[in-house]
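# Coordinates in review
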Amino acid sequence: MIKKPAIDIEEIRKLPKVLLHDHLDGGLRTETIVDLAKNEKIDLPTNDPGELRKWFFRGANRGNLREYLRGFEITTAVLQTEEALYRVAYEMMEDMKNDGVIYIETRFSPLFHTKRGLGYDQIIEAVLRGLKDGSRKFGVQFGLIICAMRNMDPSKSLEMAELAVRYREQGVVGFDLAGDEIGYPPKEHLNAFYYIQRHNFYITIHAGEAFGKESIWQALQYCGTHRIGHGIHLKDDIITEGDEIIEMGYLAQYVRDRRIPLEMCLSSNLHTGSVPDLRYHPFPIFYRHGFRVTLNTDNRLMSDTTLSKEFYLASKHYGLDLEDIEKITINSMKSAFVHFPQRLELIYNKIKPGFARFRKGLEMGRAKQEKLRGKKQ
């Protein structure tokens, strides 16, 4: 693969982008955490927002998924009131606007927000109010995904599935199974997935992040997932030589042939130890060989990232150019769980015109530079 100069991150920020895999409780502003912790009398490692940001990043960047997830003990602790949940959802929409994201599917599990007596309906309605008010204010469209946790009792997963379906007309677009994969196979939660399927609703599952291709196979063939969260270990079903695929197993063939989206998260995969170095990430192999890949943030606070930064990393390490970024953005929008007309509206009225305006601006800038050079000569 020929390396090209990386696109400047500030230029990437101007482009319309789509984010499908982002955890609401993994993207709080540290200023907000400090403020909420003060109100709730929760002790923090530090009350300085800048230092707290570094603390979260240090804690997450240990090469182990279980260590990575420990930061959520703090973020969920400060999200135990309707006011806090509303605020974080609203602020996230502003953060998306500032990063050029035009559509986001954010996810969270109400299971973690009941310690002060909130019911599931209160929790989800507070988040939806924040998302809707933020959408009106900042012009960013959204879908909400409800997470079950693979390490909890499967009966809880069914409750989350029922909750997701109950709010499908209010902004919930799908159901997810998250958490540590090792020792907690997705097929243990079949009742939840059957419930979602019987209601013609949408599924994404964290799979192939910390465990092998078997996790992906189960997510697809037992649970009926429509997207794969991460999917790193799909590489275990592929034999490569350099950038070329020499042989592909039936699982990888199925994923590619059926256009099953892969929600890839470069920084997160590095920090959890899913890959030892971005040089070994399978993203460029998948992308160059026709898999439907999308780029995502996973947990913006823990990984100290934004969607613009993830695209910058892909540009820097894998040579993505403007056309590649547009293609991946359209892949993401095609793969979103919102209805088909909304996907088309965003592709043809936001994404394609946005990239066209950006190209025109580049051309005008180049023409101006050529004109200035001509005058100097």
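Residues numbered from 1 in each chain as written. Predicted model: local features only at pLDDT ≥ 70, side-chain atom pairs only at ≥ 80, totals over all residues. Heavy atoms only, no water.

### A look at empty space enclosed by the protein
Applying the stated criterion across every chain yields a total of one cavity of 30 Å³ or more. Lining the largest cavity, in full, are Gly-27, Leu-28, Arg-29, Val-88, Glu-91, Met-92 and Asp-95. When the residues that make up the lining of the largest cavity are grouped by side-chain class, the tally is three nonpolar, one polar and three charged. (1 Å grid on protein atoms, 1.4 Å probe; cavity = no way out; pocket = protein on both sides within 12 Å on 5 of 7 lines; lining within 4 Å. Points joined across faces, edges and corners; volume = space filled by probe spheres on them. Nonpolar A, V, L, I, M, F, W, Y, C, P; charged D, E, K, R; others polar.)

### Remarks on the pattern of salt bridges
Scanning all chains against the criterion turns up 25 salt bridges. Here Arg-29 ties to Glu-91 by a salt bridge, and the two come within 3.9 Å at their closest N and O atoms. Here Glu-91 lies in helix H6 (residues 82–98) and Arg-29 lies in the loop between strand S1 (17–23) and helix H2 (30–40), a separation of 62 residues in the sequence. The buried category is assigned to Glu-91, whose relative accessible area is 12%. Between Asp-95 and Arg-29 there is a salt bridge, with the nearest N and O atoms lying 2.8 Å from each other. Of this pair, Asp-95 sits in helix H6 while Arg-29 sits in the loop between S1 and H2, and the two are 66 residues apart along the sequence. By sharing partners, the salt bridges in this structure join Asp-22, Arg-29, Asp-35, Arg-87, Glu-91, Glu-94, Asp-95 and Arg-300 into a single network. (Salt bridge = Lys/Arg side-chain N within 4 Å of Asp/Glu carboxyl O. Helix = DSSP H or I, 4+ residues; strand = E, 2+ residues; numbered from the N terminus. Buried < 20%, exposed > 50% of the residue type's maximum accessible area, 1.4 Å probe, protein only.)

### A closer look at the pairing of strand S6 (residues 227–230)
Inspection of the sheet shows strand S5 (residues 203–207) paired to S6 by four bridges, in the parallel sense. When the sheet's bridge partners are listed, Ile-205 is paired in S6 with Ile-228. Where S6 lies against strand S9 (residues 262–264), two bridges are found, and the strand directions are parallel. Following the sheet pairing, Gly-229 is matched in S9 by Glu-263. (Pairing = 2+ DSSP bridges.)

### Considering helix H14 (residues 307–318)
Every α-helical turn comprises 3.6 residues, leaving residues that sit three or four positions apart pointing alike. For H14, with twelve residues, the first-to-last C-alpha span of 16 Å sits near the 16 Å given by 1.5 Å per residue. Within the span of H14, buried status applies to Leu-307, Ser-308, Glu-310, Phe-311, Leu-313, Ala-314, Ser-315 and Tyr-318. Once H14 finishes, Gly-319 follows within two positions and takes phi at roughly 75 degrees, a positive value. (Expected span 1.5 Å × (residues − 1).)

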